[in-house]
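# Structural features, examined
Read off the chains here:
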Amino acid sequence: MFRGMNRAGGRSQKNAPCSAAAAQTNKVTSAGCLGPQCPAHTSLQSLRASTSTNFARSVAAAAVASPAAFNIDSEYANPDRPMKVLIAGAGIGGLVLGVSLLKKGVDVQLFERDMTAIRGEGKYRGPIQIQSNALAALEAIDAEMAEEIMAAGCVTGDRINGLVDGVSGKWYVKFDTYKPAVDQGMPITRVVSRVALQRILAKYAVKYGGEDVIAADTKVLSYEEDQVNGKGRIWACLEGGARHWGDILIGADGIWSKTRTQLVGPGKPSYSNYTCYTGIADYVCADIDTVGYRVFLGNKQYFVSSDVGGGKMQWYAFHKEAADGKDPEGKSKARLMEIFGHWNHMVTDLVAATPEDDVLRRDIYDRPPVFKWAQGRVALLGDSAHAMQPNLGQGGCMAIEDAYELTSLITERLAANEGKPLDCNFEDMLKTYYNKRIFRTSVIHGMAGMAAFAASTYKAFLGEGLGPLEAMTKLQIHHPGRVAGKVAMGLTMPSVLGWVLGGNLSNLKVTDRPQYCRLSDKPQGFDAKDFPMFMADDEALLRAARADWVLAPMLQDGDLSRACAEKAIALEANTTIGSHTSSDLHMEEISNSHARIEVEDGTYYLVDDAESTGTWLNGRRMSSDTRAQLHPGDKLAFGHHSPDLKFEVKMMHSSQRDAGLVSSRRDGSEYRLPVSFRDSRLATV
Ligand SMILES: Cc1cc2nc3c(=O)[nH]c(=O)nc-3n(C[C@H](O)[C@H](O)[C@H](O)COP(=O)(O)OP(=O)(O)OC[C@H]3O[C@@H](n4cnc5c(N)ncnc54)[C@H](O)[C@@H]3O)c2cc1C
């Protein structure tokens, strides 16, 4: 609607030095920039190659060099010009806002100080979860772009997700993010590479806005407001002295936002008390076909693992400690093993499978909610307004929702004024934007903080974290907080998830997006009708894994001198453990036929046949001639070797069979355990 007016004269960004001489105006080319030396002139393609472009300086230089022959004030006062929106920051929020406004015919200029995210360089570029609520908003903004983003992602919402005990790996609470999406006709949650996401967004920004839509390597330092003929105007002041005018300025410049500092006042982000290690490994967990992501809970530490597609998993390890800690060079994995070494093998194997150089560490910050995101012609969006802890995977999703909401309000306001920005009350509109977003973002911000609290105050057994009373944990009495938490979460989780994922749906225009969930989104690992069964039955979920069960020696002290510790054995029906040389796991100083494995309907049991030397399952001696069901993560010890030499029951995805089993020692070094299979059959269905 507004595009025709907008493009009549091409892009017409006007620039002026940010100084007392700012009144002096500068002629720009009809293409809208100051000539070839202006990086806004540079295509996205060449931006990728260029690392040293300094838009601000060259704009300032060009501004000084150009004669003052063009009157910015008269262009501003032109009643037929399009609305111009300045966006500080071309991160997730800024780019989505840019695309959605451009599609509505609004003129947009994005300023990005650091193009490495779009180029794919630099640190912290791992995948992020884009959940149903944000995918639905992206669909409403641009269906083709949303399709491309979804195709680049790995669907995780089509499987069981949830919280497990960090040590045992047993389910605590499961999440069904599939049902809310299907019930409300939204796309299913995905994990998408941050680089792929930003590249797609930038591509669409360039498609709709032209090559100069993102001013690269350009830092917004501050803003100024003035008036022309009684009509307000905003200026973005750039590093190097240049400034750009617009009708409004949106600060999408992230958690350390300069726009926010000026709008809200100085104040640093708050340290969450957690440092976070992260990595991606060429590794998949045994039940990858049925489980999308898991959060492993513990006391002052938690760990998140997620399928990211392509045979890789991403993980985040959170540990409560002071900020600014550093690990000695090459020792991050060793540190992680100190913290998480006693946790379930789904944690330790994933860390072990990650190359040391790929482990990144950073401290987690957020911002306490503020109740001022907008003033005059300036507003905040995304992390600059409501930076939250990453525990719900909703920070970026909220930025996307913000962008949709703001675009809707701008379009409504323009439509009400026949597309004439000079007649619009943008100050009032930006306040409405704040009013519409504050409740939802604040609740989700609070939930993200609560999730960190719940994940790291979790205690499986009475005695945990009680210092001298720690020995009580051996009694394995479930912690009352754990029991109450499980009941409370079981009752509230469906409606909470329904609100987080579907709570913004009524704000999306029904005409803008398909109201259905794609057929391709249906679970690939199992039949959708089995969702309720897997939600209710942990054992059924375990049995559904396409996995080999193995018994692996624990390499905590790096002691591989014992012959039996050199390999892991596959657990199959009638696998034998004994001192007899024909035993599958042959050890000295135990009974001839010490123990054996039984498998019934995909469930694994250990049968203790030894009368004197004993078998220990998770630290408890089994009565002889009894059998006990096994679970991944169970620790076994046989005969006099207990407790020195322990074995761990592990599951290994069938695709990993040839790769062997990566295990990790306490010092962080890793060791690939060959697995002995008696035949080529898979151990389970
Ligand atoms: C470990 C971790 C995991 C996360 N996982 C998820 C997840 O799974 N799902 C999810 O939705 N969210 C996740 N988040 C949160 C998510 O990354 C942020 O909420 C999201 O990036 C916010 O988008 P934004 O556009 O507001 O800010 P950003 O993405 O930070 O973008 C801000 C941009 O502004 C630029 N900039 C900064 N200052 C200036 C300036 N003065 N001038 C010009 N440009 C400037 C920056 O270079 C940057 O490109 C995670 C966060 C962390 C830390």
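Now for a look at the structure at hand.

When helices and strands are counted, the protein chain shows 19 helices and 34 strands. When the 685 residues of the protein chain are sorted by exposure, 50% land in the buried category. Taking the intrachain contacts of the protein chain between residues at least 6 apart in sequence as the baseline, contacts between residues at least 24 apart amount to 68%.

Taken together, 31 residues sit near the ligand, with Gly89, Gly91, Gly382, Gly395 and Gly396 positioned nearest. Among the secondary structure elements, those contributing two or more residues to the shell around the ligand are α5 (92-103), β4 (127-130) and α15 (395-416). When residues in the shell around the ligand are grouped by element, the largest group, four residues, is from α15. Grouping the constituent residues of the shell around the ligand by class yields 13 nonpolar, eleven polar and seven charged.

It is worth spelling out the sheet that holds strand β25 (residues 595-600) at this point. Reading across the sheet, the five strands line up as β24-β23-β25-β26-β29 and stay open at both edges, with mixed pairing between neighbours. Of all the strands in the sheet, the pair left with one neighbour each is β24 (585-586) and β29 (627-629). Alignment of strand β23 (residues 576-578) against β25, held across two bridges, turns out to be antiparallel. Bridge pairing in β25 links isoleucine 577 to alanine 595.

Below, the discussion takes up the environment of glycine 298. Structurally, the position occupied by glycine 298 is in the loop between β15 (291-297) and β16 (301-309). When the C-alpha atoms of glycine 298 and phenylalanine 318 are compared, they prove to be 10.0 Å apart, with 20 residues separating the residues in sequence.

Next up on the list: the sheet that holds strand β8 (residues 190-193). With respect to topology, three strands assemble into an open sheet ordered β4-β8-β5, the strand pairing being antiparallel. The sheet is open, and its two borders are formed by β4 and β5 (154-155), each paired with just one other strand. The pairing of β4 with β8 spans four bridges and is classified as antiparallel. Each bridged residue has a counterpart across the sheet, and for glutamine 129 the counterpart in β8 is valine 191. Sheet contacts for helix α10 (residues 194-209): β4 and β8; angle to β8, the most-contacted strand, approximately 80°.

Running from N to C, helix α8 (residues 143-152) and α10 point in directions that differ by 160°, and their axes come no closer than 10 Å. Considered as vectors, α8 and α10 are oriented roughly antiparallel to each other. For the crossing formed where α8 meets α10, the hand is right-handed. Between α8, through Met145, Glu148, Ile149 and Ala152, and α10, the contact on the second element is made entirely by Ala196, Leu197, Ile200 and Tyr204.

Bringing the pairing of strand β14 (residues 270-281) into the picture now. Bridge count between β14 and strand β18 (residues 360-366): six bridges; the pairing is antiparallel. Residue pairing for β18: tyrosine 271 is matched across the bridge by tyrosine 365. Across eight bridges, β14 lies against strand β17 (residues 312-320) in antiparallel orientation. The partner of tyrosine 274 across the bridge, within β17, is lysine 320.

Another aspect to go through is the pairing of strand β31 (residues 647-653). Burial analysis of β31 places six of its seven residues in the buried class, which makes it a mostly covered element. As paired elements, strand β21 (residues 547-553) and β31 share seven bridges and run antiparallel to each other. Within β31, the residue paired with leucine 551 across the bridge is valine 649. Two elements, strand β30 (residues 635-638) and β31, share two bridges in a ladder whose sense is antiparallel.

This paragraph deals with unusual backbone geometry. For aspartate 217, which is not a glycine, the phi torsion comes out positive at approximately 50°. Inspection of the secondary structure puts aspartate 217 in the loop between β9 (214-215) and β10 (220-228). Unlike most non-glycine residues, aspartate 601 shows phi in positive territory, near 50°. Here aspartate 601 is to be found in the loop between β25 and β26 (603-608).

This next bit is on the packing of α5 against α10. Across the interface, α5 lies against α10 with an axial gap of 9 Å and an inter-helix angle of 30°. Taken together, the axes of α5 and α10 lie roughly parallel to each other. The interaxial crossing formed by α5 with α10 has left-handed handedness. Taken together, the residues of α10 that come into contact with α5 (itself represented by Ile92, Leu95, Val96, Gly98, Val99, Leu102 and Lys103) are Leu197, Gln198, Leu201, Ala202, Tyr204, Ala205, Tyr208 and Gly209. Partitioning the contact of α5 with α10 into residue classes produces eleven nonpolar, three polar and one charged.

Helical geometry note: an α-helix holds 3.6 residues per turn, so side chains three or four residues apart project in the same direction. Along helix α12 (residues 332-340), the residues classified as buried are Ser332, Lys333, Leu336, Met337 and Phe340. Each buried residue of α12 lies within a common arc of 140° when the element is viewed along its axis, so the set occupies one face.

Rules of the game
Residues numbered from 1 in each chain as written. Predicted model: local features only at pLDDT ≥ 70, side-chain atom pairs only at ≥ 80, totals over all residues. Helix = DSSP H or I, 4+ residues; strand = E, 2+ residues; numbered from the N terminus. Buried ≥ 20, exposed ≤ 12 C-beta atoms within 10 Å, placed from the backbone. Contact = placed C-beta atoms within 7 Å. Near = placed C-beta within 6 Å. Nonpolar A, V, L, I, M, F, W, Y, C, P; charged D, E, K, R; others polar. Pairing = 2+ DSSP bridges. Axes fitted to C-alpha atoms, helices over the stretch in contact; angles between N-to-C directions. Parallel < 35°, antiparallel > 145°, perpendicular 65-115°, else oblique. Left-handed = near helix turned anticlockwise from the far one by under 90°. Arc of directions from axis to C-beta.

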